[in-house]
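What follows is the residue order along each chain.
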Amino acid sequence: MTTDTTRTAGISVPDTKLAREATELVRDSTSELIYHHSRRVYFFGSLQGRNRDLSFDPELLYVGAMFHDLGLNEQFRAGGRRFEVDSADEARRFLQSHGVPEDSVRRVWTAIALHTTPGIPEFMEPEVALVTAGVEYDVLGIGYADVPEADRRDVVALHPRPDFKRRILAAFTDGVRPRPQTTFGNVKADVLEHYVPGFQRGDFVRTVLDSPWAE
């Protein structure tokens, strides 16, 4: 694993006990792929926050970024819940164990739970908006030109992304394949449709028409 570095591209990782323990927990409990991705989400989310002139709590944004994909881990796959909720619940337990105020816990939980639900987080609290902005930047390239090339290069030098597109899609597939029903109405249905033979995505119209109501 890469040694923790507290600053790159003009963005600092909070030098707090909470942030250090979040780093250690995620680094020890998930893959190198997810660790590097999560750190990039923090840096890119922070850079987008700077671009948008948003005032945000770096510590809360950091925890949200670090925990956002933890629910993809194998131990959560049989639970039948969306991985985003498993990730958010892990972050909530972590923050509550450190005595973080409930409003701050709620912000982080919401940021993680909504990070694959486009069109909503951007209108919420900055920490919620910026976790999604960081994810969208790193995974989808949304707003790619908003970050200067030098800053982008510095972040990727610290947290490399070799073969990232293929590997992150494989991680998504592995994380949600055992719970296909959780992809109804969200972007992970696209992943299973591409990579899991025989997968049939939920159909909202059919769900309405086939409901037990007569009319």
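Reading the values: rules and limits
- Residues numbered from 1 in each chain as written.
- Predicted model: local features only at pLDDT ≥ 70, side-chain atom pairs only at ≥ 80, totals over all residues.
- Heavy atoms only, no water.
- Helix = DSSP H or I, 4+ residues; strand = E, 2+ residues; numbered from the N terminus.
- Rg over C-alpha atoms; globule rule 2.2 N^0.38 Å.
- Buried < 20%, exposed > 50% of the residue type's maximum accessible area, 1.4 Å probe, protein only.
- Contact = heavy atoms within 4.5 Å.
- Areas by Shrake-Rupley, 256 points an atom, 1.4 Å probe, with all protein chains shown as cover.
- Salt bridge = Lys/Arg side-chain N within 4 Å of Asp/Glu carboxyl O.
- Core = buried A, V, L, I, M, F, W, Y, C linked by side-chain atoms within 4.5 Å.
- 1 Å grid on protein atoms, 1.4 Å probe; cavity = no way out; pocket = protein on both sides within 12 Å on 5 of 7 lines; lining within 4 Å.
- Points joined across faces, edges and corners; volume = space filled by probe spheres on them.

Draft legend 1. Seen up close, the overall build of the protein. Helix and strand counts for the protein come out as 10 helices and two strands. The helix and strand sequence of the protein, counted from the amino end, reads β-β-α-α-α-α-α-α-α-α-α-α. A compact globule built from 215 residues would reach a C-alpha radius of gyration of about 17 Å, and the protein, at 18 Å, matches this within 12%. With respect to the three principal axes, the spread of C-alpha positions in the protein is 60 × 40 × 35 Å. Expressed as a percentage of the 215 residues in the protein, the buried residues total 46%. Here the contacts in the protein between residues at least 6 apart in sequence split such that 66% fall between residues at least 24 apart. Accessible area for the protein stands at about 10,900 Å²; split by element, carbon and sulfur atoms hold 53% of it.

Draft legend 2. Inspection of the pattern of salt bridges at higher detail. Summed over all chains, the structure comprises 20 salt bridges. Its salt-bridge partner being K17, residue E21 comes within 2.6 Å of it at the nearest N-O pair. Taken together, the residues E21 and K17, both in helix α1 (residues 17-29) and four residues apart, mark about one turn of the helix. A relative accessible area of 27% means that E21 is categorised as partly exposed. Its salt-bridge partner being E90, residue R93 comes within 2.2 Å of it at the nearest N-O pair. In this pair, R93 and E90 are both assigned in helix α4 (residues 83-97), three residues apart and thus about one turn of the helix distant.

Draft legend 3. The arrangement of the nonpolar core in detail. By size, the foremost hydrophobic cluster in this structure holds 40 residues, and its most contacted members are Y42, V63, F67 and L95. Contributing elements (two or more residues each) for this core: α1, α2 (32-51), α3 (58-67), α4, α5 (102-113), α6 (126-140) and α7 (149-158). With seven residues, the single largest contributor to this core is α3. Each residue touching F67, except ones within four places of it in the same chain, is listed here: A22, L25, V26, S87, E90, A91, F94 and I112. Ranked by size, the runner-up nonpolar core spans 14 residues in total, among them L72, F164, I168 and V196.

Draft legend 4. Looking closely at the layout of surface pockets. Estimated volume of the largest pocket: approximately 450 Å³. Around the largest pocket, the lining comprises 21 residues; the ones closest to its centre are V139, L140, F172, V187 and K188. Where the lining of the largest pocket is concerned, the elements lending two or more residues are α6, α8 (164-176) and α9 (188-195). At five residues, α9 tops the list of elements feeding residues into the lining of the largest pocket.

Draft legend 5. Just unusual backbone geometry, in detail. If you check the backbone angles, A9 has positive phi at about 55° while not being a glycine. Secondary-structure assignment places A9 in the loop between β1 (7-8) and β2 (11-12). Classification of A9 as buried rests on a relative accessible area of 9%. Within the chain, D53 stands out as a residue other than glycine whose phi angle is a positive 55°. Tracing the sequence through the fold places D53 in the loop between α2 and α3. A residue is classified by how much of its surface remains accessible, and D53, at 69% relative accessible area, is exposed.

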